[in-house]
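Close look at the chain arrangement
The residues making up each chain are set out below.
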Amino acid sequence: MSYTFPVETSARHVHLTAEDFATLFGADAQLTVKKELSIKGQFASNEKITVVGPKSQTTMSILGPFRSKSQVEVSATDARSLGLKAPVRLSGDLAGSAPCKLVGPAGEVELNEGVIVAKRHLHISAAEAEKANVANGEVIMVKISSADRSLIFDDVEVRIGEGCDATMHVDTDESNAAGCTPASVGELIKK
Ligand SMILES: [Zn+2]
């Protein structure tokens, strides 16, 4: 029996520490909710900042809540246009990742590291993982069916957590490569 789930596309975005946010927006500024995301407690904010690389700069949305380390998630295409060598990493795994400068309305922050290309992954609850017969950290393949560009992705990491229903996250390069739409569904393929 096949196990299927929605596929969501994450566009480039930034996570900030409270301290970096205060530097960028001012001590009294608030990060305000624009839209709740599918992972419980996470939200897209109304605030944006500019991410500056050696070759170009681009405006990005800030996702809340605040984190313990600031992090910039880009596609490989974004990284190339910014002039950054961003490694493929799971969120939060930032050691040795690419540097950049963040510019906000009230100040600037130099990040020595923090720019990554997010590794594609499947969010799944412990109960659903049991049904799907997958373990945390397991690497699976996922088939995404679309009109003209159906694609099987390898190297999809399983991330067990209780924050959301089973959902695969891909970046904009992966989404375009597979012809994803907001209705796209992935099918688990065990290796
Ligand atoms: Zn995710």
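The preceding data block contains the structure.
Quick look at the structure, then. The structure displayed is predicted, hence computed values, not measured ones. (Residues numbered from 1 in each chain as written. Predicted model: local features only at pLDDT ≥ 70, side-chain atom pairs only at ≥ 80, totals over all residues. Heavy atoms only, no water.)

**A word on the nonpolar core**
We count it as follows: In this description, a nonpolar core means a group of buried Ala, Val, Leu, Ile, Met, Phe, Trp, Tyr and Cys residues linked to one another through side-chain atoms lying within 4.5 Å. Only protein chains enter the accessibility calculation, which uses a 1.4 Å probe; a residue is then buried when its area is under 20% of its type maximum, exposed when over 50%, and partly exposed in between. A run of H or I in DSSP becomes a helix once it reaches four residues, and a run of E becomes a strand once it reaches two; helices and strands are each numbered from the N terminus.
Counting residues in hydrophobic clusters, the biggest one holds 24 residues, and the most contacted among them are Val72, Val74 and Leu102. Going through the elements one at a time, α1 (18–25), β4 (43–52), β5 (57–64), α2 (76–82), β8 (98–103) and β9 (108–118) are the ones with two or more residues in this core. Of the residues forming this core, the biggest block, 4 residues, is contributed by β9.

**Looking at the pairing of strand β1 (residues 4–10)**
Selection rule: Pairing between strands requires that DSSP locate at least two bridges from one strand to the other.
For β1 and strand β14 (residues 185–189), the ladder comprises 3 bridges, and the chain directions are antiparallel. Following the sheet pairing, threonine 4 is matched in β14 by glutamate 187. Judged from the 4 bridges that link them, β1 and strand β13 (residues 167–171) form a sheet pairing that is parallel. Note on β13: the bridge partner recorded for glutamate 8 is histidine 169.

**Some points on α1**
Inclusion rule: Comment: arc refers to directions from the helix axis out to C-beta atoms.
Here α1 has its buried residues at Asp20, Phe21, Leu24 and Phe25. Angular distribution of buried residues about the axis of α1 spans 110°; they occupy a single face of the element. Of the residues trailing α1, glycine 26 is marked for its positive phi of about 105°.

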